[in-house]
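Here is what each chain is made of, one letter per residue.
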Amino acid sequence: MSRIESAVKQRSSLTHNRLFRNASLMALFVALASCQSVPEKQITDTPDETAETTETPDASQTANASPSDIHPELWPSIETPPLDPAIEARIDEILPQLTLEQKVGQVIQADSGSVTPEEVKQYRLGSVLSGGNSAPGDKPYADAATWLAAADAYYNASIDPEGVEIAIPVIWGIDAVHGHANLLGATVFPHNVGLGATHNPELIGEIASATAQELNISGHDWTFAPTLAVPQNDRWGRTYEGFSEAPSIVASYSAEIVNGLQGKTGAEDFMDNTHVISSAKHYLADGGTENGIDQGDALISEAELRDIHAAGYAPAVESGVLSVMASFSAWQGVRMHGNKDLLTDVLKDRMNFNGFVVGDWNGHALIKGCTATDCPQALNAGLDMYMAPDSWRGLYESTLEHVKSGVIPMDRLDDAVRRILRVKLAAGTFEKGAPSTRPLAGDLSQLGSADHRALARQAVRESLVLLKNNDGVLPLDTNQTVLVVGPGADSIAKASGGWTLSWQGAGHSNDEFPGGQSILSGITNAVSEAGGDVIFSPDASADVDADVVIAIYGEDPYAEFRGDLPNVDFMPNDFDPEALSRFRDAGTPVVSVFLSGRPLWTNPEINISDAFVAAWLPGSEGGGVADILFQTDPNFDFTGRLSYSWPKLASQNELNAGKEPYDPLFPLGYGLSYDDDGTVGPLSEDSGIDESERGDKGVFLTNGAASVPWGLMINGTQVDAFPFTLENVEVSSIDHTAQEDALQIGWSGPGVFAIGSYGQDFSRESNGALELAFNAVSRGGPASLEVGMGCDAGEGNDEDCAAFLPVELTSEWQEIRLSLSCFADRGVNMESLDRPLILMGTPGQTVGISEVRLATDTNGRIDCGS
């Protein structure tokens, strides 16, 4: 059985083989009938007082100390650029002129998809951001002219003096994390996981400078970069945003990026019209959470917190980074957005950070006792600007009341506003004028310029890591017949990953990357210029006599928690690498170019390849891959070296040099050059995990079968074969777009169909505006169907935990989307979701369903059914 077949094989048993613990169907119908909406849940955090630290505490920590105690005196004291007396004097003049309402407005940032220019003026907001899907217009990205028009509208509204003694200009931020990738035609650089492999801090500084220039073309003032995470568990979906597992590598890049984005503090070009405000993120230990869970809890010692996860912040602060973004995550049960010890006592007081601290997307709502619209705890802890994308209006009102009542002291508010004004004045925001009037505004000659693309292509070349080169297969001769296979060959989106054109980065065609080049195009250019031939067969089905096969495949795009994995096993998706075996058996050399946001267990793929290249997520300049594979210049060679350890087993989620046990397949710093003996293998194909541990967390039903670890159930009994009938419910296979790729469920009486497993934590997904998505059809004309989700109520608790939404079906297949937050608001505990889909039909009703999964919200609305 192939690995791709194993990925969709249904589990033979479920850990929790039940649908409703001791609850009758009649009770369920009664509960449904009385189901009412409940107020928005408050997300709470309780410190785990039993959590063990991974290191011996510092000597000053006593036996009675809480695990979350911080000792600022043990952290580095940093000499930061001195405050500018002229700027401080100007702040002293401005502050008394601001009304209380203006001050509160300055500490709140709204998303451009949820705020108008008129509202920016009315509430005197300090900042606007554009989330990954929040570009102006009908797409998640926009062209320069569209961005500039929106930037001008917000800026001009903010400086309108009507009704105020002095107006404060707004600043606009965006996640330009590997180039300005929400701007049409921008240069998309390799993600940080690849840049880390270059071990070239100077190059990374040049990339930051180029990104800053392209941000000025669209009128943006601020980028939420660099990410200074030190990922310690490669299950984490944001691993590709980190340069390395090694804190020394992250630290070596930090100042270079800050200086590239902002200009060097004190230099003539500091924060001029070619630079932007930088934001070091995510403070702190976002890469150290337990099990690599996004927005999770880092149960580590203070020493590890300081020495590993804070390593990149000291150089950034010393260089004068103007903003720092607080992490969603917690340390020892205390959320970073509300951690005064770390935000104020360490970052501001001990490390002498003089800029402002901005929150992450409604991250303040995760603090115990807070909601998205009410959280004085965050400001009091040291947060200076709330990122309140869609909650800004309610947060403004509650914050204003908290200041009036004294819950938020006036001196704390004044300090936050002073810090924001300090950054705006240092950035020249008051003098630069409207975004469209600035020197680089709309300058398309600089957008995706030849120099920027050449820089990106160099970064691609230097980031590639050669892991295997048996018999010296590489470099390849261009004057031959080359068969290129795999879905990554002709997809710039797949080669670019998340945070590219849209938040998750998937589904974009090459024509949405004007000026970009796919890896296939780069190969075709290199080979055709030398008289060779290129044949492209995406699924490797072509029957041709080729001299070499180049297979380009790997992970599909994802961002943040959508990329969290149960382990580091590479699960083939839209291409089965075993298709390459027939070429190897025929004696044709196979070169695998593996696209991924992290090291993954790929022993079977390495075994089937004569040469294996870790290409990471190279971005829009695929020609850089061809440059190295074919050594189009005699000076080109593989110089990339691993900045992450490569696993020997799929169970090696935490595999970091210097931490025992350390037994990688390829260690930190490994990488071959052409002259090296590149012989590898054969490798063991024992992954170290069993089938129940494999699968994509966000996919529940695909190709007509439940995805591991999920199973199909009727009234709590597992469905093991089709057709299957039990207690008024029948399940069978039907065709939708392919043979037996869907299920048909029919009811002859009361009954419940569900996809179920053991309880899993989907709280991050619920908070992240994801939706339950599936295709459905009514087999008997238009009909209503009750669609639910359910949770594990906990041991000893007989009460069921489920909620339902009504959905209207037609006799044509349609996509159904229901916001996870709707189920959470109705009482489903998303921290222990054990039934991601429950269907209750009426007697005589028959429906078809296919492809049950989580999907990103595409319309910006909360969808709670018909």
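This structure is a prediction, so every number in the text was calculated from the model and none was measured. (Residues numbered from 1 in each chain as written. Predicted model: local features only at pLDDT ≥ 70, side-chain atom pairs only at ≥ 80, totals over all residues. Heavy atoms only, no water.)

## Quick word on the nonpolar core
The line we're drawing: Only buried Ala, Val, Leu, Ile, Met, Phe, Trp, Tyr and Cys residues count toward a nonpolar core, and they belong to the same one when joined by side-chain atoms within 4.5 Å. Per-residue accessibility, obtained with a 1.4 Å probe over protein chains only, is compared with the maximum for each type, and a residue is labelled buried under 20%, exposed over 50%, and partly exposed between these values. Helix and strand assignments come from DSSP, with helices taken as H or I runs of at least 4 residues and strands as E runs of at least 2, each series counted from the N terminus. Only heavy atoms enter the contact rule, under which two residues are in contact if any of them lie within 4.5 Å.
Counting 120 residues, the largest nonpolar core has Ile108, Tyr283, Leu284, Leu305, Leu342, Tyr386 and Leu421 as its most contacted members. Here the element with the most residues in this core is helix H8 (residues 201-218); it accounts for eight residues. Excluding anything up to four places from it in sequence, Leu284 contacts Trp75, Leu305, His309, Ala310, Tyr313, Ser327, Ser329, Met336 and Leu342. Core analysis: the second largest hydrophobic core is formed by 118 residues, Phe561, Phe594, Ile628 and Val680 among them.

## Side note on unusual backbone geometry
Glu660 connects to Pro661 through a cis peptide bond whose omega is -5 degrees. Cis peptide bonds are those with omega within 30 degrees of zero, and the linkage from Gly681 to Pro682 qualifies with 0 degrees. Relative to the helices and strands, Pro682 is located in the loop between helix H21 (623-629) and strand S18 (699-702). A positive phi angle, near 50 degrees, is found at Asn715, a position not held by glycine. Within the secondary structure layout, Asn715 lies in the loop between strand S20 (711-714) and strand S21 (717-718).

## Focus on the sheet that holds S20
Note on sheets: strands pair through backbone hydrogen bonds, and any given pair is parallel or antiparallel. Here is the rule we go by: Think of it this way: DSSP has to see at least two bridges between two strands before they count as a pair.
Strands sit in the order S21-S20-S25-S30-S27-S28 across an open sheet of six strands; the sheet is antiparallel. With partners counted over all chains shown, the strands left at the sheet margins are S21 and strand S28 (801-809), one partner each. Across three bridges, strand S25 (residues 753-756) lies against strand S30 (residues 833-840) in antiparallel orientation. Its bridge partner lying in S30, Ala754 is registered against Ile838.

## Structural notes on the confidence of the model for the protein
Our working rule: Confidence scores per residue from the predictor, reported as pLDDT, run from 0 to 100.
Per-chain confidence: the protein averages 90 in pLDDT, with 91% of residues scoring 70 or above. No element of the protein has a lower mean pLDDT than helix H2 (residues 25-33), at 30, and none a higher one than strand S10 (residues 356-358), at 99. Taken as a whole, residues 1-63 scores under 50 in pLDDT and shows 159 contacts with residues more than four places along the chain or in a different chain.

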